[in-house]
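Reading the structure
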Amino acid sequence: MESPAEKGASLFTLHCASCHGDNGKLGASGAKDLTMSTLTDRQVLHILKQGKNAMPPMSTILENKENMELVIQHIKTLRK
Ligand code: HEC
């Protein structure tokens, strides 16, 4: 059984790392450096639901709000 933190990390690896990199800094396809991000949880949730420019909406892929929250908690651990 994965802990919430582990689940957030594996969801990120599966669905986000191709553009953002495991450390958040890859920047593929113009992806923003997540270590430099200053967005609030609400703002990130909005981007996950709607997508932004080259980033597609992630809500279907992440399936539910709980998974979105786990990924949001994970990306905050990548910040400096
Ligand atoms: C197909 C590539 C791609 C994938 C997959 C992707 N992103 Fe992005 N992401 C981008 C791009 C491109 C931007 C920049 C959008 C813009 O502002 O123009 C971005 C921006 C963001 C931002 C905004 C950062 C800021 O401070 O402005 C967050 C947060 C983010 N992505 C999180 C995620 C998460 C979490 C996932 C996985 C669920 C994910 N992304 C998957 C390409 C991607």
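Remember, it's a predicted structure, so these values are computed and weren't measured experimentally. (Residues numbered from 1 in each chain as written. Predicted model: local features only at pLDDT ≥ 70, side-chain atom pairs only at ≥ 80, totals over all residues. Heavy atoms only, no water.)

1. What about the pattern of salt bridges?
A side chain with one charge may pair with a side chain of the opposite charge, provided their charged atoms come close. Per the counting criterion, the structure on display carries 2 salt bridges. Taking the shortest distance from any N to any O, the salt bridge between Asp-41 and Lys-76 comes out at 2.9 Å. Of this pair, Asp-41 sits in helix H3 (residues 41-50) while Lys-76 is found in helix H5 (residues 65-77), placing the two residues 35 residues apart along the sequence. With relative accessibility at 29%, the residue Asp-41 sits in the partly exposed group. Residue Lys-65 is joined to Glu-69 by a salt bridge in which the shortest nitrogen-to-oxygen separation is 3.7 Å. Of the two residues, Lys-65 and Glu-69 both sit in helix H5, 4 residues apart, roughly one turn of that helix. You can call Lys-65 partly exposed: its relative accessible area is 45%. What makes Glu-69 partly exposed here is its relative accessible area of 28%. (Salt bridge = Lys/Arg side-chain N within 4 Å of Asp/Glu carboxyl O. Helix = DSSP H or I, 4+ residues; strand = E, 2+ residues; numbered from the N terminus. Buried < 20%, exposed > 50% of the residue type's maximum accessible area, 1.4 Å probe, protein only.)

2. Comments concerning the side chain of Asn-67
Tracing the chain through its elements places Asn-67 in helix H5. By relative accessible area, Asn-67 is classed as buried at 4%. Sequence-distant contacts of Asn-67, defined by excluding residues within four places in its chain, comprise Lys-7, Leu-11 and Leu-62. (Contact = heavy atoms within 4.5 Å.)

3. Quick notes on the site of the ligand
Near the ligand you find 23 residues, and of these Cys-16, Cys-19, His-20, Ser-37 and Met-55 are the closest. The contact in question runs from an oxygen atom of the ligand to an N or O atom on the side chain of Lys-32, over 2.9 Å. Residue Ser-37 places a side-chain N or O atom 2.6 Å away from an oxygen atom belonging to the ligand. Those elements that provide at least two residues to the shell around the ligand are helix H2 (17-20), H3 and H5. In terms of residue count, the dominant contributor to the shell around the ligand is H3 (3 residues). (Near = heavy atom within 4 Å. Polar contact = N/O pair within 3.5 Å; in protein donor to acceptor, adjacent residues only side chain to side chain.)

4. Description of the coordination of the iron atom of the ligand
In a perfect tetrahedron of four donors around a metal, the angles come out at 109.5 degrees. In a perfect octahedron of six, they are 90 or 180 degrees. Within the protein, His-20 (NE2) and Met-55 (SD) serve as the donor atoms for the iron atom of the ligand, at 2.0 to 2.2 Å. Coordination geometry of the iron atom of the ligand: the 6 donor atoms subtend angles of 86 to 179° at the metal centre, consistent with an arrangement described as octahedral. With a gap of 35 residues between them, His-20 in helix H2 and Met-55 in the loop between H3 and helix H4 (59-62) connect regions that are remote in the sequence. On the accessibility criterion, Met-55 (24% relative accessible area) is partly exposed. (Donors = N, O, S within 2.8 Å, 3.2 Å for Na, K, Ca; no water. Tetrahedral: all angles 85-135°; square planar, octahedral: opposite > 155°, others 65-115°.)

Keep in mind that these numbers describe shape and distance, not what the molecule does.
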